[in-house]
Amino acid sequence: MQRRFALKNIAAGALLAGAVLGFSACSPDKASFHATDITGADYAKDFQLVDFDGKPRSLADFKGKVVVVFFGYTHCPDVCPTTMSELAQVKQALGADGDKLQVLFVSVDPERDTPTVLKAYMQPFDPSFLALYAATPDKLAALAKDFKVFYQKVPRKDSADYSVDHTAASYVYDPQGRLRLFVRYGTSLQDWTDDIKQLIVGA
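Attention shifts here to the pairing of strand 7 (residues 151-155). Two elements, strand 7 and strand 8 (residues 162-166), share five bridges in a ladder whose sense is antiparallel. Looking at strand 8, one finds that lysine 153 is bridged to valine 164. Connecting the antiparallel pair strand 7 and strand 8 is a turn made up of six residues.

Another aspect to go through is unusual backbone geometry. Of note, the phi angle at alanine 44 is positive, near 50 degrees, even though the residue is not glycine. By the secondary structure assignment, alanine 44 is in the loop between strand 1 (36-37) and strand 2 (49-51). The backbone phi angle of lysine 148 is positive, close to 55 degrees, even though this residue is not glycine. By the element assignment, lysine 148 lies in the loop between helix 3 (137-147) and strand 7. By relative accessible area, lysine 148 is classed as partly exposed at 28%.

So, about the packing of helix 1 (residues 79-93) against helix 4 (residues 189-201). At a minimum axis separation of 9 Å, helix 1 and helix 4 run at an interaxial angle of 55 degrees. In terms of orientation, helix 1 and helix 4 fall into the oblique class. Seen along the crossing, helix 1 lies across helix 4 with a hand that is right-handed. Contact residues: helix 1 offers Glu86, Leu87, Gln89, Val90 and Ala93, while helix 4 offers Leu189, Trp192, Thr193 and Ile196. Grouping the constituent residues of the contact of helix 1 with helix 4 by class yields six nonpolar, two polar and one charged.

This part takes up the pattern of salt bridges. Tallied over the entire structure, the rule returns 10 salt bridges. Across the salt bridge formed by lysine 91 and aspartate 126, the nearest N and O atoms sit 2.9 Å from each other. Here lysine 91 is found in helix 1, whereas its partner aspartate 126 is found in the loop between helix 2 (115-122) and strand 6 (130-133), with 35 residues between them in sequence. In this pair, the class of lysine 91 matches that of aspartate 126, namely buried. Between lysine 153 and glutamate 111 there is a salt bridge, with the nearest N and O atoms lying 2.9 Å from each other.

Most of strand 5 (residues 101-107) sits out of view: seven of its seven residues are buried. The side-chain alternation of strand 5 yields two buried faces, one formed by Leu101, Val103, Phe105 and Ser107 and the other by Gln102, Leu104 and Val106. Here seven bridges tie strand 4 (residues 66-72) to strand 5, and the two strands are oriented parallel to one another. By the bridge assignment, valine 68 is partnered in strand 5 with valine 103. Between the parallel pair strand 4 and strand 5, the chain is carried across by helix 1, and the sense of this crossover is right-handed. With three bridges connecting them, strand 5 and strand 6 associate as parallel partners.

Let us look at the side chain of arginine 112. Along the polypeptide, arginine 112 turns up in the loop between strand 5 and helix 2. Note on arginine 112: relative accessible area 16%, which makes it buried. At 2.6 Å, the side chain of arginine 112 and the side chain of aspartate 109 are in polar contact. A polar side-chain atom of arginine 112 sits 3.1 Å from a polar atom in the side chain of tyrosine 162. Once residues within four sequence positions are removed from consideration, arginine 112 is found in contact with Tyr73, His75, Val117, Asp161, Tyr162 and Val164.

Conventions used here
- Residues numbered from 1 in each chain as written.
- Predicted model: local features only at pLDDT ≥ 70, side-chain atom pairs only at ≥ 80, totals over all residues.
- Heavy atoms only, no water.
- Pairing = 2+ DSSP bridges.
- Helix = DSSP H or I, 4+ residues; strand = E, 2+ residues; numbered from the N terminus.
- Buried < 20%, exposed > 50% of the residue type's maximum accessible area, 1.4 Å probe, protein only.
- Axes fitted to C-alpha atoms, helices over the stretch in contact; angles between N-to-C directions.
- Parallel < 35°, antiparallel > 145°, perpendicular 65-115°, else oblique.
- Left-handed = near helix turned anticlockwise from the far one by under 90°.
- Contact = heavy atoms within 4.5 Å.
- Nonpolar A, V, L, I, M, F, W, Y, C, P; charged D, E, K, R; others polar.
- Salt bridge = Lys/Arg side-chain N within 4 Å of Asp/Glu carboxyl O.
- Right-handed = clockwise from strand over helix to strand, strands pointing away.
- Polar contact = N/O pair within 3.5 Å; in protein donor to acceptor, adjacent residues only side chain to side chain.

This is the structure in C-alpha cells:
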C-alpha cells in the first residue's frame with residue numbers, strides 16, 4: 001500500500017539546545033536518548049484542543065506524566081494504527097509505570113474525524129489514550145504550524161474518497177510539561193520504552 005510521509009521543518013537548530021533540566025546530581029552529563037533530543041525547542045510548547053468527550057484540553061492537564069503527541073487521522077491505513085498499537089505495547093512494557101504515560105492522538109482530518117469516530121477509534125488501543133481535535137480548521141492549521149507538522153488532503157483519482165499525507169512522527173514531553181523528544185516512525189519498541197523510562201525517572 002502506497003505511503004507518502006511528509007516531514008517538514010523539523011527545527012534542526014533546536015538540537016542539543018542546552019543541558020537537560022532536572023537530571024540528578026549523581027549523573028551530571030546530558031541524558032542520552034535514542035530519539036532526537038529537542039530539549040529547549042521554542043515551539044510546540046502547548047495546545048488548546050478538545051477531546052472526544054467534549055472536554056477542553058491543554059498540556060497542563062497531563063502534568064506529572066510523560067506525554068506523547070501524534071498527529072494523524074482515523075482513516076489512515078498504516079502509520080497511525082501502527083503507532084498507536086506500538087505505544088500501547090510500550091505502555092505495557094513500562095509495567096507499574098505505565099500509568100505515567102499519556103498518549104494523545106491529534107486529528108488532521110476534521111471532515112471525517114468526529115468525536116464519536118475518534119472515541120471508537122482510540123478505545124481498542126488503550127482506554128487511557130485520548131484523541132483530540134481542533135475547534136476549527138483554522139485552529140488546526142495554526143496548531144500544525146506551531147508544531148512544525150505537515151498535513152495535506154490528497155484526493156483519490158478513482159473515487160470521491162481521499163487520504164491525508166502527514167508528518168509520521170511523535171513529540172514527547174516530560175512530566176514537567178517540557179518538550180524533549182522528536183520520535184520518528186519506525187523507532188523500535190525497546191528504544192521507545194528506554195527513552196520514556198528515562199523521562200519518567202527524571203532525565
